Amino acid sequence: KFLFDQGLVPTSEPYAKRTSHGLILAQGGVKMSKSKGNVVNPDDIVEIVGADTLRIYEMFMGPFDQPIAWSTDNMVGSRRFLEKVWKLREKVSSGGEAPPLELASAVQRAIKKVGEDIESMGFNTAVSTMMILANEFERTSVLPQGDYEALLKLLAPFAPHIAEELWHDLGHAESIHLEKWPAYDPSLLSSGEATIVFQVNGKVRGTVSVEADAEEEEVRKRVLETEEGGKWLGGHEVKRTVFVKNRLINFLLE
């Protein structure tokens, strides 16, 4: 600000945008404090599950700008996701065969969604999108190398060590972090179906497949028909619903 007052720099702030992050609370929702002995040491977590699992969990645990309680137990989901991505390497094919339309569309939608979420600081939904894509890959018998590489490029900012290892394992000499960010093909975004993430109070609880461009009422009905939907919503009053067509539905109970 002093340099701006002196006319030496063109702006009064050293950045164009600032987003305040939410506070990470201790387990139980109380503030972390050395005096209470409830501070989480990241070095200890890295020793147990690795740096990439810690990074994924931190991004996935909740919206970037909202407070959320730490839970070491919930970290297992992030670890399993990375293990799934690692295991998918076994079914990768470099034969050049064209993937099914549904798979190609899922890849293009993921590229679009993760890119948009990173720009808007929606890291938790970006991770959720990659988890959904990994599930799609798991259901296919042969995984085209190009589609797997697209997932690794999306994953690289979140889990840089595993993404780099798998990238080199595919035969690449250069670092994945020097690759261009993947661009999506608008003509392949729709496959006739859409995979909708459903959340309860902002936390991802599952996904449902519906017809592309389905309206909120149809998506709500489909969620309630699923086992997970009944588990998390059965017997509860929904105060408000946030619906984003072809992407997500969030049921707010509180």
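The numbers attached to residues start from 1 for each chain and follow its sequence in the written order. Totals for whole chains, interfaces and linings use all residues, but because this is a predicted model, local features are given only for residues with pLDDT of at least 70 and pairs of side-chain atoms are given and counted only at 80 or more. With hydrogens and water stripped out, all remaining heavy atoms of the structure feed into the side-chain values.

**Q** Sorry, what's going on with the overall build of the chain here?
**A** The numbering of helices and of strands both runs from the N terminus, where a helix is a DSSP run of H or I of at least 4 residues and a strand a run of E of at least 2. When you go through the chain residue by residue, the secondary structure sums to ten helices and eight strands. In terms of its C-alpha atoms, the chain occupies a principal-axis envelope of roughly 60 × 55 × 45 Å. Exposure is judged per residue with a 1.4 Å probe applied to protein chains only, and the accessible area is read against the type maximum: over 50% gives exposed, under 20% gives buried, and values in between give partly exposed. Relative to its 254 residues, the chain shows a buried fraction of 41%. Residues count as neighbours in contact if any of their non-hydrogen atoms are within 4.5 Å of one another. Once local pairs closer than 6 in sequence are excluded, the contacts in the chain between residues at least 24 apart make up 62%. Surface accessibility in these figures is a Shrake-Rupley result with a 1.4 Å probe; residues are shielded only by whichever protein chains are displayed. Summed over its atoms, the accessible surface of the chain is roughly 14700 Å², and 51% of this surface lies on carbon and sulfur atoms. We count Lys and Arg on the positive side and Asp and Glu on the negative side, and we leave His and both chain ends out. One atom stands in for each charge, and that atom is NZ of Lys, CZ of Arg, CG of Asp or CD of Glu. Averaged over its 29 positive side-chain charges, the chain has a centre that lies 5 Å from the centre of its 38 negative ones.

**Q** When you look at the pairing of strand E5 (residues 193-200) in this model, what are you seeing that I'm missing?
**A** A regular strand places its side chains so that they alternate between the two faces of the sheet. The buried fraction of E5 is high, at seven of eight residues. With eight bridges connecting them, E5 and strand E6 (residues 203-211) associate as antiparallel partners. By the bridge assignment for E6, isoleucine 196 is matched with valine 208. Each pair of strands is called paired provided DSSP finds at least two bridges between the two strands. Hairpin connection of E5 to E6: two residues between the antiparallel strands, including asparagine 201 at a positive phi of 55°. In the sheet, E5 pairs with strand E8 (residues 248-252) via four bridges, with the strands oriented parallel. Directly across from valine 197, in E8, lies its bridge partner leucine 248.

**Q** Please explain a negative patch on the surface as it appears in this structure.
**A** Candidates for patches are residues over 30% relative accessible area with no salt bridge; among them, like charges are joined within 9 Å and nonpolar side chains (Val, Leu, Ile, Met, Phe, Trp, Tyr) within 5 Å. Salt bridges, as used here, are contacts in which a Lys or Arg side-chain nitrogen is within 4 Å of a carboxyl oxygen on Asp or Glu. Taken together, the side chains of Glu102, Glu193, Glu211, Asp213, Glu217, Glu218 and Glu225 make up a negatively charged region of the molecular surface. The leading source of residues in the negative patch is helix H9 (residues 216-225), at three residues. Turning to its location among the elements, glutamate 225 is positioned in helix H9. By relative accessible area, glutamate 225 is classed as exposed at 52%.

**Q** Explain the pattern of salt bridges to me, please; I cannot follow it from the model alone.
**A** Two side chains that carry opposite charge are able to pair once their charged atoms sit near each other. Scanning the model with the defined rule gives twelve salt bridges in all. Residue glutamate 138 pairs with lysine 84 through a salt bridge whose shortest N-O separation is 3.6 Å. Taken as a pair, glutamate 138 in helix H6 (residues 123-139) and lysine 84 in helix H4 (residues 75-88) lie far apart in primary sequence, 54 residues in all. One continuous salt-bridge network, built from bridges that share partners, spans Lys112, Glu116 and Arg247.

**Q** I would appreciate a short explanation of a nonpolar patch on the surface in the present structure.
**A** Residues Phe2, Leu3, Phe4, Leu8 and Val9 make up a contiguous nonpolar surface patch of roughly 490 Å² in combined accessible area. Looking at the secondary structure, you find leucine 8 in the loop between helix H1 (2-5) and strand E1 (24-25). Given the relative accessible area of 61%, leucine 8 is considered exposed.

**Q** Teacher, can you tell me more about the packing of H4 against helix H8 (residues 160-169) here?
**A** When two helices pack together, their arrangement is given by the angle between their axes and by how far apart the axes lie. Every axis corresponds to a line fitted to the C-alpha atoms, with the helix fit spanning only the stretch in contact, and the corresponding angles, defined between N-to-C directions, vary from 0 to 180 degrees. Relative orientation of the contacting elements H4 and H8 amounts to 5°, with a least axis distance of 11 Å. On the basis of their axis angle, the class for H4 and H8 is roughly parallel. Between H4 and H8, the residues in contact are Leu82, Val85 and Trp86 and Ile162, Glu165 and Leu166, respectively. We call Asp, Glu, Lys and Arg charged. Ala, Val, Leu, Ile, Met, Phe, Trp, Tyr, Cys and Pro are nonpolar, and the rest, Gly among them, are polar. A per-class count over the contact of H4 with H8 returns five nonpolar, no polar and one charged. Put simply, angles under 35 degrees are roughly parallel, angles over 145 are roughly antiparallel, angles from 65 to 115 are roughly perpendicular, and the rest are oblique.

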